[in-house]
Amino acid sequence: MKKIYLFLPLLYAPFVWSQKRDSATLISQVTIDAYKKPASFISSTKSVSVVSENVLSQNTPERMLESINQMAGARMEERSPGSYRISLRGSTLRSPFGVRNVKVYLDDFILSDASGNTYFNVISPELIDRMEIYKGPESGDYGAVTGGTVLLKTKDSENLSSNVSIGSYGTFNQSFDWSEQIGKHFAEVFQNYYQTDSYRQQSRVQRKQIFIKDRFQYSEKGSLKAMLMYTDLEYQIPGGLTLEQMQIDRKQARPGTPALPGAVVQNTGIRNKMVLAGISNEYNFSPNFSHFILIQGSYVDFENPFITNFENRFEKNFALRTHLNYEKNWNNISLAYRFGFEGGINDILVKNYDNNKGYEGSPQNFDRIKNTSGFYFLSQKFNVNSKLFTDISVSLNSNAYQWERLYPQSENNRAVFKNQWLPNVGITYMLGKGFSIRGKMGKGNSAPTNEEIRSSTQEFNINLNPEFGWNKEFGIRKQFGNSIFVEGSYFDFRMKDAIVRRQNEAGQEYFVNAGQTVQKGLEVLLESKNFDLKNDVLSKIKFRFSGAFYRFTFQNYRQNERDFSGNDLTGVPRTTLNGLMNFTFFKKLFVDYSHFYTSKIPLNDASSVWSDPSLIGNIQFRVPVDLDTASLNVYLQIQNLYNNDYVLGFDINAFGNRHYNPASKRNFVLGVKAQF
C-alpha cells in the first residue's frame, strides 16, 4: 500500500475550500503586502510564499504546521505538542526551542524580540487570516536575518464567528472572533481556549489567548492602530528518546537513568505568560509623501522546569519602527523611496534553581542580560512600463549584549558585534502577460540570541559570533491562461560562522560556530484554479503541488580532530514534496486531501545517524449547513491517515542519540464553525 501512496502527492496536489474570494484566485493574481510595499505576486522581486485563508484552514487547532509545510522552502517542526520550530531554507540548524533566525511580524507589530527569538507558539492559528513567508535574507526592510521573514495578518473584513471542536487524546478547542467597522473604527476581538492531553506521556497542552485591535481612521490622511494580545500557554515536555526506546514504547516520556531523573519525575515543561501591546500611526502629508511610526512593548513571565534545573525568566521588551516614504508615478514610470529605523531592547532577568520534581529548589545562578539591536534602512522601488520591476535596499545593522551575574558571585561583561552593511538587490522582468523572470542577490547577518549567548549550561559564550553570508537566486513565474500557475526558484547561499547546537550528557545545550555552509536548492510550485466540472457528483476540483530539492553541506568545518566538511547540513532533508487537493462532491461535500513527503534527515553533524523518510497523509471533510441566523461549517479532520510511525521534530546533535520525539498515530478533530 505504501508504494501506491508514494505517487499520490505527484498525481494529486491538494488545495482547500473557502467561501472567500481567494479560493478562486491564482497565487499569481494575489497582491502581497511586503510590510507596506504592495506588489503583485507575479511581478514581485521577492522569494515569497503566500498562505491564504483557504490553506490556513488545513491547520489543526493548536498549530500552523500543515499550512506552513505546504510552502516550498518552509518547514514547521513539532518536537512535542506546543513546542514548534520554523525552518526557512534550513534555519533550524540552531533552533532547539522557539523560532530563531526568522523575523516574525504580526500586522504592523514585531513579534520577535531584539535578540531574534520569537515565541511563535503563543499565536492561535485561528487568529491568522493570511501569511507571507519571505525566504532567505531580505536585509533592507527587515534587518539582520539569514533565514527569512514571516508576516502574519489578522482579519481586515467584518466577521462574527465561533468555532468549537473536539478530538483525539482529550483535545478541546473553542474560539470566538468578532470584527466590525464602527464609524471611523475597525475593531477586532479574538478569544481562544485550547487543551489536549496529547499522544505521549508528559505532553499535556493548555493555551488561553485574547487579542484586541483597533484601526482608527481619524482623518482622510491619517490612521492609528492599536493592539493588545495576552497569552497564557502551558505545556509539558516529554523529551527525546533513543531509537531503541522509541521502538519499545513510542508513547513514553524520556526515562530516567542512574545519573539523571526522567521527564515525568521532574515534571518538565514550559509555562509562558506573555502580554504584547503597541500603537502605530500612518500619516499621508501629500499623495507622494507619508510617515509611519510604531511603538510597542511586551512582558514575558517564563518558567521551564527541566531535567537538571528550574529556569525562571522575566523579560521586558521595547521596540520602535519608523520610516518616511516617498512615491511618484508618471505615465510609464513609478518610483518609491523608504528611509527608516527599527530597533529594540530586550532586558531579561533569568534565575536558575534546582528542579525538585517541578518546583524551585536551591538557587544555582541568577543573571541579568540586556540586548540592544537596531538597523537603519534605505530602499528604492523603480518600475518601468509595467515590465521592469526593481527593489534595491541597504541596511546598517548593530547588535550588542551586556550581562551581569548576580548570584552566586558578581561579575559582568559585554559583547559588541561589528556593524554590518547588508545590501539587497532584486529585479523582475515581465516577458509577457503572466510570465516573469527574476533575479536576486543579498547579504544576510544573524547575531546570537539570548538563549545562545547564555544557553541552558548557564554559562556565557563570549566566543560566539554572528553568522553571515551572501544569497543569490533566480526564478521564473508563469501563468497559463487563467487555469494553471507554475513557479521555479534556484538559490545558492554561502554562509560563514554558521551557529550550530550541541548537547552535553545532561541534555543541556550550547552553541558553536561551525565554519561555512554551502546551501543550494531548487523550489517549485504548481497550482490550479478551482475547475468547475459541471457534474452533479464531482462538481469541482483544485490542486496544489510544491517541492524543495536541496543540497546543503558543511564546508571547512572541523570539530577537534574530526573533519565534517562535505557532510549534509544537520536537520535538513534533501527533498520535501507536498500536495493538497480539493474535491467538491454533490456541490455540498468538500474534501481536502493532503500529503507531506520528507526524505531522510541527518541528525548529527557527523552524518552518522539519519532519520527514516516519511509520507504523511491528512484528509478533511466539510459540510456547510445554512440556518436562518447563521451558516455552519461542520468538519472532520483525520491526521496521519495511513497510521504511520514518524517524527515531526528531531533533537539534532542530541547527547546519547536521544534524537526522537514520536508524533501521534492516526487521530481526528471534529468541529463546527458558525458564521453569523
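Turning our eyes to something else, we now look at the overall build of the protein chain. If you tally the helices and strands in the protein chain, you get seven helices and 38 strands. In terms of C-alpha radius of gyration, the protein chain reaches 24 Å, essentially the compact-globule figure of 26 Å for 676 residues. A principal-axis box enclosing the C-alpha atoms of the protein chain has dimensions of 70 × 55 × 50 Å. In the protein chain, which comprises 676 residues, the proportion classed as buried is 60%. Roughly 26,500 Å² of accessible area belongs to the protein chain as shown, and the carbon and sulfur atoms make up 56% of that amount. Each charge class in the protein chain was averaged separately, 77 positive and 65 negative side chains, and the resulting centres sit 5 Å apart.

Glancing now at the side chain of Glu451. Here Glu451 shows up in helix α7 (residues 450-453). When its relative accessible area of 9% is taken as the criterion, Glu451 is described as buried.

Now for the pairing of strand β24 (residues 435-446). As judged from the eight bridges shared by strand β23 (residues 411-432) and β24, these two strands associate in the antiparallel manner. Residue pairing in the sheet places Thr428 in a bridge with Arg438 of β24. What sits between β23 and β24 in their antiparallel hairpin is a turn of two residues, with Gly434 showing a positive phi close to 70 degrees.

Here we come to the packing of aromatic side chains. Geometrically, a pair of aromatic rings is defined through the distance of the ring centres and the angle of the planes. A full pass over the atoms with the stated rule returns 25 aromatic pairs. Taking 6.2 Å as the distance between ring centres and 80 degrees as the angle between the ring planes, the aromatic pair formed by Tyr35 and Phe292 counts as edge-to-face. In this pair, Tyr35 is assigned in the loop between β1 (31-32) and β2 (39-40) and Phe292 in strand β18 (residues 289-305), connecting sequence segments 257 residues apart. Taking the centre distance of 5.8 Å and the plane angle of 70 degrees together, the rings of Tyr169 and Tyr199 count as edge-to-face. Highlighted residues: Tyr169 in the loop between β12 (159-167) and β13 (171-182) and Tyr199 in the loop between β14 (185-196) and β15 (205-216), separated in sequence by 30 residues. Overall, Tyr169 belongs to the partly exposed group, its relative accessible area being 27%. These aromatic residues form a ring-pair network of at least three members: Tyr35, Tyr105, Tyr134, Tyr142 and Phe292. Positioned over the ring face of Trp610 is Lys600, at 4.8 Å from the centre of the ring.

Before going further, it helps to spend a moment on the confidence of the model for the protein chain. With 95% of its residues at a pLDDT of 70 or more, the protein chain has an overall mean of 90. The model gives residues 1-24 a pLDDT under 50, and that stretch makes 71 contacts with residues more than four places away or in other chains.

Take the pattern of salt bridges next. One pass over the full model with this rule turns up 44 salt bridges. The salt bridge involving Glu523 is made with Arg89; its shortest N-O contact spans 3.0 Å. Here the residue Glu523 occupies a position in strand β29 (residues 516-528), and Arg89 occupies one in the loop between β5 (83-88) and β6 (99-100), the gap between them amounting to 434 residues. Accessibility assignment for this pair places Glu523 and Arg89 in one class, buried. Between Arg204 and Asp197 there is a salt bridge; the shortest N-O distance is 3.5 Å. Owing to a relative accessible area of 34%, Arg204 belongs among the partly exposed residues under this scheme. In this structure Asp197 comes out as partly exposed when scored by relative accessible area, which is 44%. Through salt bridges with shared partners, one network takes in Lys37, Lys46, Glu138, Asp141, Arg338, Asp391 and Lys440.

Here the focus is the environment of Ser607. Secondary-structure assignment places Ser607 in the loop between β35 (589-598) and β36 (614-626). For the pair Ser607 and Leu88, spaced 519 residues apart in the sequence, the C-alpha separation amounts to 21 Å. Sequence-distant contacts of Ser607, that is, excluding residues within four places in its chain, are made with Asn567, Asp568 and Pro602.

When you line up the elements, Asn159 lands in strand β12. On the accessibility criterion, Asn159 (8% relative accessible area) is buried. Within the structure, the side chain of Asn159 is placed 2.9 Å from the side chain of Asp177, a separation counted as a polar contact. In contact with Asn159, other than residues within four places in its own chain, are Asp177, Trp178, Ser179 and Gln675.

Here we come to a nonpolar patch on the surface. Residues Val164, Ile166, Phe172, Val623, Val625, Leu627, Val634, Phe668, Leu670 and Val672 make up a contiguous nonpolar surface patch of roughly 710 Å² in combined accessible area. Within the residue set of the nonpolar patch, elements represented by two or more residues are β12, β36 and β38 (667-675). The biggest single contributor to the nonpolar patch is β38, with three residues. Along the polypeptide, Leu627 turns up in the loop between β36 and β37 (631-639).

The sheet built from five strands is open, its strands ordered β3-β10-β11-β7-β8 with mixed pairing. Since the sheet does not close on itself, it has two edges, and those belong to β3 (48-51) and β8 (109-110), each with one partner. Relative to strand β11 (residues 148-153), strand β7 (residues 102-106) is paired through five bridges, and the arrangement is parallel. Pairing of Tyr105 across the sheet is with Leu151, part of β11.

Moving on, we get to unusual backbone geometry. A cis amide bond links Tyr407 with the next residue in sequence, Pro408, at an omega value of 10 degrees. The residue Pro408 is located in the loop between β22 (388-407) and β23 in this model. A positive phi angle is found at Ser386, which is not glycine, with a value near 55 degrees. Mapping Ser386 onto the fold places it in the loop between β21 (359-384) and β22. Look at Ser386 and you get exposed, because its relative accessible area is 60%. One non-glycine residue, Asn640, lies in positive phi territory at about 55 degrees. Assignment of secondary structure puts Asn640 in the loop between β37 and β38.

The subject of this paragraph is the environment of Asn325. Along the chain, Asn325 turns up in strand β19 (residues 310-329). For Asn325, a relative accessible area of 10% puts it in the buried group. Distance in space between the C-alpha atoms of Asn325 and Gly262 is 56 Å, their sequence separation being 63 residues. If we skip the residues at most four places from it in the chain, Asn325 touches Asn288, Phe289, Ser290, His291, Phe292, Tyr337 and Arg338. Polar contacts involving the side chain of Asn325 include one to the side chain of His323, which spans 2.9 Å.

Criteria and thresholds
In every chain, residue numbers begin from 1 and rise along the written sequence. Restriction of local features to residues with pLDDT of at least 70 applies here, the model being predicted, together with a cutoff of 80 or more for giving and counting side-chain atom pairs; totals for whole chains, interfaces and linings are based on all residues. Water and hydrogen atoms play no part in the side-chain values, which are based on all heavy atoms of the structure. Note on conventions: DSSP H or I runs of at least 4 residues are helices, E runs of at least 2 residues are strands, and numbering of each starts at the N terminus. Every radius of gyration here is taken over C-alpha atoms, with the globule rule written as 2.2 Å times N^0.38, N being the number of residues. Buried residues are those whose accessible area, probed at 1.4 Å on protein chains only, stays under 20% of the maximum for their type, while exposed residues exceed 50% and partly exposed ones sit between those limits. All accessibility values rest on the Shrake-Rupley procedure with a 1.4 Å probe; residue burial counts only the protein chains present in the view. Note that His is not counted, nor are the chain ends; the positive residues are Lys and Arg, and the negative ones are Asp and Glu. Taken as the charge centre is NZ of Lys, CZ of Arg, CG of Asp or CD of Glu, depending on the residue. We call two strands paired when DSSP finds no fewer than two bridges between them. Aromatic contacts are taken between Phe, Tyr and Trp rings whose centres are within 6.5 Å, Trp giving its six-membered ring; a plane angle under 30 degrees counts as stacked, one over 60 as edge-to-face, and the others as tilted. Two thresholds decide whether a charge sits over a ring: the Lys NZ or Arg CZ must be within 6 Å of the ring centre and within 35 degrees of the ring normal. A score between 0 and 100, pLDDT records how confident the predictor is in each residue. A contact between two residues is defined here by any heavy atoms of the two lying within 4.5 Å. What counts as a salt bridge is simple: a side-chain nitrogen of Lys or Arg found within 4 Å of a carboxyl oxygen of Asp or Glu. Polar contacts, as counted here, are pairs of nitrogen or oxygen atoms within 3.5 Å of one another; within protein the pair requires one atom able to donate a hydrogen and one able to accept it, and residues that are adjacent in sequence qualify only if both atoms are side-chain atoms. Patch construction takes residues with relative accessible area above 30% that form no salt bridge. Like charges are linked within 9 Å, and nonpolar side chains (Val, Leu, Ile, Met, Phe, Trp, Tyr) are linked within 5 Å.

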